[in-house]
Amino acid sequence: MEISIPTLLRIKPNAIYKIGKYLRKERFTRIALFYGTGIKELLGEPLAISLDSSEIQVVHEETIATNDAEEVIKSAFTLPGNVQAIVAIGGGKVVDYCKYAAFILQLPIISMPTSISNDGFASPGASLVVNGKRKSQKAKIPFGVVIDTEVIRKSPEFYTFSGIGDLVSKYTAVFDWKLAGRVKQEPVNDFSVLISINAVDMMVSYKHKEIRDLEFLRLICGCLVMSGVAMEVSGSSRPASGSEHLISHAYETIAPQPSLHGLQVGVATYAISWLQNNPEHHTIKKVLEDTGFVNYLSQNPLDKASFIEAIKYAPNVKENYYTVLSDKDNMARLIDFVRKDEYFGNFVR
Ligand SMILES: [Zn+2]
């Protein structure tokens, strides 16, 4: 099995001003540049100055508003043949779009997320729309991840809360994976488990959990990269995604107004960790409190009825994916918990 790991990794304030220098160092001088919606207006200028001053040629430039698989394929094959690397700057959509295009064309991709709402900017999969339905596709793990923490600091806080929710779910995901190992003899990759758990432990043990703190943001970004790498190492989403993710995916299709991936995942992680009798249940609760996640959710709660429906539907989201929710009694216990637990009332209404 071939494992690739991001080679170019820069997470620091004002990294965007140095992108030209980073690309030149890697000998990429002709790139295709893809922006997310509204990003060119926001960051196009410093980016252009940086690329210009390092004499990087932008041979194709486009703003992406879709992650439809057919659009990606069409666009990939119209790229000029002399492109050496694809650069994606923006949110999840443009990064997913470019990861898949890079996979088709076998080109390196450099992802420059402008918010950190999930681990997608450094993961080997891409979430795309195929025939009107959201699907996870195999794609390429980015060759480079460049994150300007000043840009992240200025992004709306719910994106960062979402990233924290996605990160804390490694505890419940790994628990489900090990459970599947015991019950279904599914192979568990210990090294992948180590990376995943270390990533979330690092965030947990950081003292000053202030989401506008550049050092804390740098740490979260690094941990999300590790989550992506854990998936690459095991060749599956297991180290990063368990029953809490299944609930979130189901909620997305059921709720009248879905929230952000990581916000849904964070809420589901709290509930699932209770169900699993997970030793980290209280750690999870404390992290969500200390970072401000709980406070934000209490003002922007998820829809309780949809959440309960999502729990019921969750085991059907992925085939052959054994989790704590595969047991019918467990499912009933969790629904009861969501209905009655007073503290959980912070997350849903
Ligand atoms: Zn996730």
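Heads up: the structure comes first, above all this text.
Notes on the structure in this doc start here. (Residues numbered from 1 in each chain as written. Predicted model: local features only at pLDDT ≥ 70, side-chain atom pairs only at ≥ 80, totals over all residues. Heavy atoms only, no water.)

1. Considerations on the packing of aromatic side chains
According to the stated counting rule, one finds 18 aromatic pairs in the structure shown. Pairing Tyr-270 with Tyr-343 gives two aromatic rings, centres 5.4 Å apart and planes at 45°, and the pair type is tilted. Taken as a pair, Tyr-270 in helix α11 (residues 261–275) and Tyr-343 in the segment after α15 (328–340) lie far apart in primary sequence, 73 residues in all. In terms of burial, Tyr-270 and Tyr-343 fall into one category: buried. Judged by centre distance (4.2 Å) and plane angle (15°), the ring pair of Trp-274 and Phe-337 falls under stacked. Highlighted residues: Trp-274 in helix α11 and Phe-337 in helix α15, separated in sequence by 63 residues. Look at Phe-337 and you get buried, because its relative accessible area is 7%. (Phe/Tyr/Trp six-rings, centres within 6.5 Å; stacked < 30°, edge-to-face > 60°. Helix = DSSP H or I, 4+ residues; strand = E, 2+ residues; numbered from the N terminus. Buried < 20%, exposed > 50% of the residue type's maximum accessible area, 1.4 Å probe, protein only.)

2. Looking at a nonpolar patch on the surface
Taken together, Met-1, Ile-3 and Ile-5 make up a surface patch of nonpolar side chains, about 330 Å² in accessible area. Mapped onto the secondary structure, Ile-5 falls in the segment before β1 (8–12). The partly exposed category is assigned to Ile-5, whose relative accessible area is 43%. (Patch = residues over 30% accessible without salt bridge, like charges linked within 9 Å, V, L, I, M, F, W, Y side chains within 5 Å. Areas by Shrake-Rupley, 256 points an atom, 1.4 Å probe, with all protein chains shown as cover. Salt bridge = Lys/Arg side-chain N within 4 Å of Asp/Glu carboxyl O.)

3. Considering the nonpolar core
Considering soluble globular proteins, one finds that nonpolar side chains tend to be buried as a cluster. One finds Ile-247, Phe-307, Phe-344 and Phe-347 to be the most contacted residues of the largest nonpolar core, which totals 93 residues. Each of domain 1 (8–154) and domain 2 (157–346) contributes no fewer than three residues to this core. Listed in part, the 22 residues of the second largest apolar core include Tyr-22, Leu-23, Ala-85 and Ile-89. (Core = buried A, V, L, I, M, F, W, Y, C linked by side-chain atoms within 4.5 Å. Domains from an automatic or database assignment.)

4. What to know about the packing of helix α10 (residues 243–254) against α11
Contact geometry of α10 with α11 gives a least axis separation of 8 Å together with a crossing angle of 130°. For the element pair α10 / α11, the angle class is oblique. Helix-helix and strand crossings are classified by hand; for α10 and α11 the assignment is right-handed. Residues Ser-243, Glu-244, His-245, Ile-247, Ser-248, His-249, Tyr-251 and Glu-252 of α10 pack against His-261, Gln-264, Val-265, Ala-268, Thr-269 and Ile-272 of α11. Split into classes, the residues belonging to the contact of α10 with α11 amount to five nonpolar, seven polar and two charged. (Axes fitted to C-alpha atoms, helices over the stretch in contact; angles between N-to-C directions. Parallel < 35°, antiparallel > 145°, perpendicular 65-115°, else oblique. Left-handed = near helix turned anticlockwise from the far one by under 90°. Contact = heavy atoms within 4.5 Å. Nonpolar A, V, L, I, M, F, W, Y, C, P; charged D, E, K, R; others polar.)

5. Thoughts on the sheet that holds strand β8 (residues 144–148)
With parallel pairing, the six strands of this open sheet are ordered in space as β1-β8-β5-β4-β2-β3. In this open sheet, the two edge strands, each paired with only one partner strand, are β1 and β3 (57–64). Strand-to-strand twist of the sheet, defined as the mean angle between neighbouring strand axes without regard to direction, takes the value 15°. Here strand β2 (residues 30–36) pairs with β3 via seven bridges, running parallel. Bridging from a neighbouring strand, Gly-36 pairs with Ile-64 of β3. The sheet contacts of helix α4 (residues 92–105) involve β2, β3, β4 (85–90) and β5 (109–113), and relative to β4 the element is tilted by about 170°. (Pairing = 2+ DSSP bridges.)

6. Quick look at the coordination of the zinc ion
Protein coordination at the zinc ion comes from Asp-166 (OD), His-245 (NE2) and His-261 (NE2), with a distance range of 2.1 to 2.2 Å. Along the chain, the residues that donate to the zinc ion are spaced as D-x78-H-x15-H. With a gap of 79 residues between them, Asp-166 in helix α6 (residues 157–168) and His-245 in helix α10 connect regions that are remote in the sequence. (Donors = N, O, S within 2.8 Å, 3.2 Å for Na, K, Ca; no water.)

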